[in-house]
Amino acid sequence: MSFFKGSPRRRSNNDMEARGSPSGGELIDEDESSSDPFDITSTKNASIERLRRWRQAALVLNASRRFRYTLDLKRAEERKQRLRTVRVHVEAIRAANLFKAGVAPENGTAKPPPTPSGDFGIGQEHLALTSRDHNVSSLQEYGGVKGLSDLLKTNLEKGIQGDEPDLQKRRNAFGSNTYPRKKGRSFWMFLWEAWQDLTLIILMVAAVASLALGIKTEGIKEGWYDGGSIAFAVILVIVVTAVSDYKQSLQFQNLNEEKRNIHMEVIRGGRRIEISIYDIVVGDVVPLNIGDQVPADGVLISGHSLAVDESSMTGESKIVHKDSKDPFLMSGCKIADGSGTMLVTSVGINTEWGMLMASISEDTGEETPLQVRLNGVATFIGMVGLSVAVSVLVVLLVRYFTGHTKDTNGNKQFQAGKTKLGDAIDGAIKIVTVAVTIVVVAVPEGLPLAVTLTLAYSMRKMMADKALVRRLSACETMGSATTICSDKTGTLTLNKMAVVEAYVGEKKVDSPENKSELSPLVSSLLIEGIAQNTNGSVYVPEGDGDVEVSGSPTEKAILSWGLKLGMSFEAIRSESSVIQVFPFNSEKKRGGVALKLPDGQVHIHWKGAAEIVLASCTRFIDATDQLVAMDEDKDPCRPGVKGAVQLCQNAGVKVRMVTGDNIQTAKAIALEAGILDSTVDATEPNLIEGPVFRALSDAERENVADKISVMGRSSPNDKLLLVQALRKKGHVVAVTGDGTNDAPALHEADIGLAMGIAGTEVAKESSDIIILDDNFASVVKVVRWGRSVYANIQKFIQFQLTVNVAALIINVVAAVSSGAVPLNAVQLLWVNLIMDTLGALALATEPPTDHLMHRPPVGRREPLITNIMWRNLLIQALYQVIVLLILHFQGRSLLNLEQYGSDRANKMKNTLIFNSFVLCQVFNEFNARKPDELNIFKGITKNYLFMGIVGLTIVLQVLIIEFLGKFTTTVKLNWSQWLISVIIGFMSWPLAVVGKLIPVPETPLSKFFHRGRRT
């Protein structure tokens, strides 16, 4: 089938190969031609070269930390190389087998008998050789699949016994279906990486030099304070940073485990049960259906039109058909078509897939568009901060060595020919320390990392909301979604079906389970078709246990109906032999089976979409007992779907239903779900059929796409065409899907959402997010979380830039005018800790609110710093600069500090400035929670982390002022001075309220600058 040459198969391949470039059928990436290296609206299919460009353009102080949660380009290349090696090995084995098959040996040599392993008649070594070499002759010598199953003590119909002793014996003999994983980084690795910051290294060197000079000139008792306090502050910053990063990494590790834990059906003790892929053992009998992943190496027991995509192992998108001539199945491959059952022969590290997984580092990382943009913001701010720091350094050094810098008593700190060399060096070191600390504060290293912090938090919370994020970028992209193309079955409806009506003998039967209303011929034909034309199963336990029906919701509904009609599942299946099976897929929309009866008759049973099956009929039987029954499944709308659809529409997100069902069914569900407001809306082009849409030209499809609310009788290709048309119109498109053939649309969409229950492994692998409960309401929660990620980052940016601007201006103005800075190195490091790590923890973990769903979607090219944010941060920064500079220049007289003596008065003034500055940030942290709302306390009691961090900051600030003065060069403050500091900080609240009443233009400031450049 030509379909499999497209993107879904290559998607899994690209996942392994560091998300390679998009296939030829996709939209051209505008980012590739952008001159701004940080302007990447989607990293989903960005080229390696494009990703390398922004890394080279970023101003980075600590590369190992800054790029920790981005795609590791070097590892991605290594992974590609290892994949090539494995694929060459697989192809070599295949070529050798073809050669052997072509050259028959003249004198065949007898194969040695299999070596027993424990309780089993064959050992792992012989099993692995047979599987890896795809050696059919070796398999035949063991007696074929039946002989191999006997050696493994497996019943091909009922599977293994499956109790704990049996499972343990198999694990001991053949291993478990796991592979050695590289251990996650230890805490000490994070500590080491935190040390790599260039500015912190310079500060530590300065601290050591200051420590040595201080001890030499003042003795060890007093001389260690200056250097020791800087060293202690640097170590504190490093430890807190490492702890925060380590906790984030643990969260990502747990989420990665969830992503890898696939659940499969196996047959054990005659019943189908669902288990983790890690619990599969050698000897298990595994049913395989279209879209499944092959969970281990094995051999085909039986199959019907079974086609396997081996591209994940061979690199070729060619589909391989499996039968008795080529029965070997490789772990990690996908079922492209058909169905069958396999006998597991090798698991875990004994498979090619297991060896591949063990040899590569699984997590090569991934960056998100917001992360890239924030690196751009951090680079710009860092450049400004670096320039300011250099200016301060030059000014202070010039003033110092020209004798313009005076101490608190008015004496020159440096006099040429008189000042001792040690004192001069000590003075210069203090100036360098202040300048370097300004760089620490000015370059927001933590800004891009705040994205990973809020994403880690959001992903953990989204798991509780039944959404598993497979790609970080999807989490934030959902905040920009303008339309959601949703399936009907399962997503909008319950996916729980029951046969409620049957049409028999030209009349409707309201109680289809009432066998008396059906003639014996009709009843026997129905029961035969239900029992034989199914991928489901019926397990009847011994004793009085309940009958267990397994399979898809449709299969369960039909099998349950058969049981009510008196069907004996196993007995009916044994009465006839299967000649041919025609597996169901979403392209044909029907599935069938041809049976040979004992008397030689052949019966063919079909089931599928009503219009497809009816179109195949040439005759029907009337009430005289010549009849083919037609049945209808009732799939009720999920509770809460209408409210969820309404919430999306209020948020500016249009919900479109794309279904393979006939147009009347689609219309009824759309009206019930609120996608269509009334029957008046149910006309073209709001309501359209897939074939009609498919027949339009590209330009016509683009014009119609915006208006479509419901598409019925659609094929997977119609869904793909709709997604492409919507994206060309500028929409950010989210798509839900569950079938294998949904993979192209899931891949093409900005956000692919696969169903966790009904979804195939192919669909899940092509998706960005898995909806674990198959519920549309969970999709809406994902939209809320996506918007929350963006909003939280904006809160953090506003808070951090306020601190940046205020700290820089205060120190620059003070340095230029007086030659001294009110905030020293240790104090600035504490401010940096509040601003970077603690600030990110407090603001980046705000839970989403309903307010987010009353806004339009966030445009992907909208500025990160909005006009509202500029207004808020400039008002706060200006207030802090004015008040603290007044204190710097006039504080001694205004606060009547002269009475304490010059030196102490100066220390009290600087302590008050430092205390007020920190408290301003604490109060402003509340303002940052609600940038565009007057009530900044709304929902604050629910955010325990925010309250805890604010409380911790205040407690530590009190300890610093009152007890750690020797380290921070501060003095104790009395209650009135504390009150002044609190009042200065508190004033930011009423000031924020007044500021929010000032209107701002809707046009972003950046556009005004662009216009200015043009003119």
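Residues numbered from 1 in each chain as written. Predicted model: local features only at pLDDT ≥ 70, side-chain atom pairs only at ≥ 80, totals over all residues. Heavy atoms only, no water.

This part covers the pattern of salt bridges. Evaluated as defined, the whole model comprises 20 salt bridges. Two residues, Arg170 and Asp166, come together in a salt bridge whose shortest N-O distance is 3.1 Å. Of this pair, Arg170 and Asp166 both sit in helix H8 (residues 164-174), four residues apart, which is roughly one turn of the helix. Judged by relative accessible area, Arg170 falls into the buried class, the value being 1%. (Salt bridge = Lys/Arg side-chain N within 4 Å of Asp/Glu carboxyl O. Helix = DSSP H or I, 4+ residues; strand = E, 2+ residues; numbered from the N terminus. Buried < 20%, exposed > 50% of the residue type's maximum accessible area, 1.4 Å probe, protein only.)

The next subject is the confidence of the model for the protein. Confidence in the prediction of the protein, expressed as mean pLDDT, is 78, and 80% of residues score 70 or more. Here helix H1 (residues 7-16) is the element of the protein with the lowest mean pLDDT, 33, and helix H36 (residues 975-986) is the one with the highest, 95. The low-confidence segment residues 104-111 (pLDDT under 50) makes three contacts with residues lying over four places distant or belonging to another chain. Scored below 50 in pLDDT, residues 628-634 shows 23 contacts in the model against residues more than four places distant or in partner chains. (pLDDT = per-residue confidence, 0-100. Contact = heavy atoms within 4.5 Å.)

What follows covers the sheet that holds strand S22 (residues 751-755). Overall, mixed pairing links the eight strands, which are arranged S8-S23-S22-S21-S9-S18-S20-S19 in an open sheet. Each of the sheet's edge strands pairs with one partner strand only, and the pair in question is strand S8 (467-469) and strand S19 (687-689). Going from strand to strand, the sheet's axes swing by 20 degrees on average, the running direction of each strand aside. Of the strand pairs in this sheet, strand S18 (residues 654-658) and strand S20 (residues 710-712) are connected by two bridges, and their pairing is parallel. (Pairing = 2+ DSSP bridges. Axes fitted to C-alpha atoms, helices over the stretch in contact; angles between N-to-C directions.)

Here we come to helix H19 (residues 520-532). With 13 residues, H19 should cover 18 Å at 1.5 Å per step; its first-to-last C-alpha distance of 18 Å lies within 8% of that length. Along H19, the residues classified as buried are Val522, Ser523, Leu526, Ile527, Glu528, Gly529, Ile530, Ala531 and Gln532. (Expected span 1.5 Å × (residues − 1).)

Further remarks concern the nonpolar core. Counting 78 residues, the largest nonpolar core has Val234, Leu829, Phe914 and Phe917 as its most contacted members. Broken down by element, this core gets its largest block of residues, twelve residues, from helix H31 (residues 825-843). Ignoring sequence-local partners within four residues, the contact set of Phe914 consists of Leu823, Gln827, Trp830, Val831, Gln957, Ile960, Ile961 and Thr970. Of all hydrophobic cores here, the second largest spans 67 residues; its members include Ile381, Ala734, Phe796 and Leu801. (Core = buried A, V, L, I, M, F, W, Y, C linked by side-chain atoms within 4.5 Å.)

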